[in-house]
Amino acid sequence: MTCSSCAARVEKKLNKLDGVVATVNYATEKAKVSFPTTVSTDDLVATVEATGYTATLPAPPADSAGFTATAPATDPEGEHTRALGRRLLVSAILALPVVVLGMVPPLQFTNWQWLALALASPVAVWGALPFHRAAWTNARHGAATMDTLISVGVIAAYLWSLYALFFGEAGTPGMRMEFTLLPARVSGASEIYLEVVAAVTTFILAGRYAEARAKRRSGAAIRALLEMGARDVAVVRDGVEVRVPIERLRVDDTFVVRPGEKVATDGVVVEGRSAVDASMLTGESVPVDVGPGDPVVGATVNTAGRLLVRATRVGSDTQLSQLARLVEDAQNGKAEVQRLADRVSGVFVPVVLMLAVATFGLWLGLGGTVTTAFTTAVAVLIIACPCALGLATPTALMVGTGRGAQLGIVIKGPQVLESTRRVDTVVLDKTGTVTTGQMRLVDVVPADPDGAPDVLRLAAAVEHASEHPIARAVVAGARLGDDSPPVAVTEFVNAEGRGVSGVVEGHLVRTGRLSWLLAEGVPDPGASLREAAERAEEAGRTPVWVAVDGTARGVLVVADTVKPTSAEAVAGFRRLGLRPVLLTGDNARAARTVAAEVGIGPDDVRAEVLPAEKVDAVRALQDEGAVVAMVGDGVNDAAALAQADLGIAMGTGSDVAIEASDLTLSRGDLRAAVDAIRLSRSTLRIIKGNLFWAFAYNVAAIPLAALGFLNPLIAGAAMAFSSVFVVTNSLRLRRFAPQS
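In this text the structure is predicted, and so the values were computed from the model without any measurement. (Residues numbered from 1 in each chain as written. Predicted model: local features only at pLDDT ≥ 70, side-chain atom pairs only at ≥ 80, totals over all residues. Heavy atoms only, no water.)

## Topic: the pattern of salt bridges
Reasoning step 1: Overall, the coordinates contain 16 salt bridges when judged by the stated rule.
Reasoning step 2: One salt bridge connects Arg310 with Asp252, and the closest N-O pair in it is separated by 3.1 Å. Of the two residues, Arg310 is situated in strand E11 (residues 307–311) and Asp252 in the loop between strand E4 (240–245) and strand E5 (254–257); the sequence distance between them amounts to 58 residues.
Reasoning step 3: Looking at Arg310, the relative accessible area reads 32%, which means it is partly exposed. (Salt bridge = Lys/Arg side-chain N within 4 Å of Asp/Glu carboxyl O. Helix = DSSP H or I, 4+ residues; strand = E, 2+ residues; numbered from the N terminus. Buried < 20%, exposed > 50% of the residue type's maximum accessible area, 1.4 Å probe, protein only.)

What follows is the structure, given as structure tokens:
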């Protein structure tokens, strides 16, 4: 495809097939197609070919390990750019003397026009060949595109020049031409347009070359992401290290990662300790310490010790492959404003052709010379540029999402950008988002002074069956100094958001909120335990009540620590004009303590919210007129993330939360959420600026050309500049710097 009207034609043809929904992106040169079983992929390819283009299916994802979405061995896209560069270079060398001779009368020696013809002819025929070829292909299919305008303009100017030289007065020895920025108003038979032919072709080739290079640069981030994976791996089999290609790695294989090597795939450390550099994947510059039991992500780099890792995900299931797929899906999407531009581009070229013919007729009808009428018509053909319209959104989206991928931020689609502009409230899940989520047991307060060991042992037995961060803290606290596993539990019941219960050694044990225990018939625990719980809450800690056989036996105190960057992130949200709200299932006192520490007022705290009630909390804010962004990381956040106007998932969390979100952060630093919104808003500003320029350019330039105020030479330069401007404006996003 050579312009956005090409993409619009292909998209229209595909969507005419029964049940097919297609989106064709000019910048990425890809089509995203949903189709029923009654339509085959061969039908899709045949439809594209019937439209005058070619299409190939993407390579299927690997079913084994490895990051197969790497750059191909050959680089057709790069070769196309290099071939375009060679065509541009030759055309520019030939065009320069033609333009100089045509623009500087003192240099016009006798019979200079014939030298100009000899130099301009290869440019008109060979240099402009891509435009002629595309125009002919489109004409055979009854269509017109940007190439049609260029080809018709160049051919018309060239044929006019041949007529003037061989049958008119322009071939006379001693002929002189005056250069003017306005269309010439002289006898048609004495005027040649060889400098227009050479210069316009060169300008447009230069624009296409700059555009092609810029498009490759805009996709550089995602290509770098896809090329990050290891190529081979040292697998341990029967106690012996065997180095095999990455494609032969399987789930549950154990492999070795030496210092300086890339981690081959997602896995869990089995043996060894080291620091892992995940900067390319998460944007986090500080290496993360890992040891036995810690997860590691494929393509990160082991910086220190030797690690033995068990593979948990391979191939297209890895975090890197999923990240790349999300970014690519986002780049292939279209914002609503881009769909408007595509519709304009689809009808633009035929309208311009009619305008050029009308301009020619009107100038003749108003008494203008044939030369004046012809010059203005050619200027209209050349100045009209729907390319800038087609490039406005996708190039900015490519650069923005690519830069986001480098920083560990995945923008899932262009519609997300509009959401970030409208958001005015950000809801922050406390555990794992504002705090580390790594709860620890800090105190055991028994009702019986000598009963602390029994209370902790029984509570840990029940909590061992739960995955809640508080449960893990209790279990870890019970194991301090003792590697023996907790005792068995039967009849386990999880009262979501309230507590858990089970039978341990013949005793019914309940752990959880006091309100739940009282509702289950447990008598009032007494003043001493209540005071201990209140002191814990005042200190921002969480009391966990323990009842055995229907009697309160003690209080376990657990504490979560606030992430050191959370306060800075909250300040960043405020600078963006967002109102931060803290949402937690914790008690109100603990929640307010954490809120105060990070700079959130007590009126913006929603405490003791059950997982099922998080959606209601978000909806309540929306009912008040707020446009809500939700930041969370857990499975129980997924519904709230989906309900929010903008869902932001911390990539350190669950796959369910990531799937439900609009923005995904590959690291657990809340400041990344601030950067994500800043980047999204910056991308949206660039898109709107591009579209304004593209529309304004055409609205202003076409009437000027039709009224005779633009020489075709200037029109060609301006047309090429408009596309280059849009692409280079988008490339500014590559300089986006995170505040974190």
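## Remarks on the UniProt feature "transmembrane region" (unreviewed entry) in the protein
Reasoning step 1: When the UniProt feature table is mapped onto this chain numbering, "transmembrane region" (unreviewed entry) sits at residues 88–106, 112–131, 143–166, 186–207, 344–366, 372–393, 690–707 and 713–731.
Reasoning step 2: Taken end to end, residues 143–166 is 88% helix and 0% strand, and its first and last C-alpha atoms sit 33 Å apart.
Reasoning step 3: Along residues 690–707, the helical share is 94% and the strand share 0%, with 26 Å between the first and last C-alpha atoms. (UniProt positions renumbered as here; feature names shortened; annotations may be inferred.)

## Description of the side chain of Thr435
Reasoning step 1: Along the chain, the position of Thr435 falls in the loop between helix H15 (430–434) and strand E14 (440–446).
Reasoning step 2: On the accessibility criterion, Thr435 (0% relative accessible area) is buried.
Reasoning step 3: Discounting chain neighbours no more than four positions away, the residues touching Thr435 are Lys430, Asp560, Thr561, Val562, Lys563 and Val594. (Contact = heavy atoms within 4.5 Å.)

## Describing the environment of Gln113
Reasoning step 1: Topologically, Gln113 is positioned in helix H4 (residues 112–127).
Reasoning step 2: The exposure class of Gln113 is buried, given its relative accessible area of 0%.
Reasoning step 3: For the pair Gln113 and Pro173, spaced 60 residues apart in the sequence, the C-alpha separation amounts to 8.7 Å.
Reasoning step 4: The residues touching Gln113, leaving out its near neighbours within four places in the chain, are Leu165, Ala170, Gly171, Thr172, Pro173, Met175, Ile192 and Leu194.

## Here's the deal with the sheet that holds strand E7 (residues 274–277)
Reasoning step 1: As summarised here, the arrangement of the three strands in space is E8-E7-E10, forming an open sheet in which the pairing is antiparallel. In the strand order of this sheet, the two ends are held by strand E8 (288–290) and strand E10 (301–302), each with one partner.
Reasoning step 2: Pairing analysis gives three bridges linking E7 to E8, with the strands arranged antiparallel. When the sheet's bridge partners are listed, Val276 is paired in E8 with Val288. (Pairing = 2+ DSSP bridges.)

## Thoughts on helix H5 (residues 129–140)
Reasoning step 1: Taking 1.5 Å per residue, 12 residues should reach 16 Å; H5 reaches 16 Å between its end C-alpha atoms and fits that length.
Reasoning step 2: Once H5 ends, the next one or two residues include Gly142, with phi positive near 70 degrees. (Expected span 1.5 Å × (residues − 1).)

## A look at the sheet that holds strand E19 (residues 551–559)
Reasoning step 1: Spatially, E14-E19-E18-E17-E16-E15 is the arrangement adopted by the six strands of the open sheet, whose pairing is antiparallel. Sheet topology places E14 and strand E15 (490–495) at the edges, where each strand pairs with a single neighbour. Neighbour to neighbour, the strand axes of the sheet diverge by 20 degrees on average, direction disregarded.
Reasoning step 2: Sheet topology note: the strand E16 (residues 499–504)/strand E17 (residues 507–512) ladder contains six bridges and is antiparallel. Residue pairing for E17: Ser501 is matched across the bridge by Arg510.
Reasoning step 3: Packing of helix H16 (residues 452–463) onto the sheet brings it into contact with E14, E15, E16, E17, strand E18 (542–548) and E19, and relative to E16 it is tilted by some 105 degrees.
Reasoning step 4: Across the sheet, helix H17 (residues 469–478) lies against E14, E18 and E19, angled at about 100 degrees from E19, the strand it touches most. (Axes fitted to C-alpha atoms, helices over the stretch in contact; angles between N-to-C directions.)

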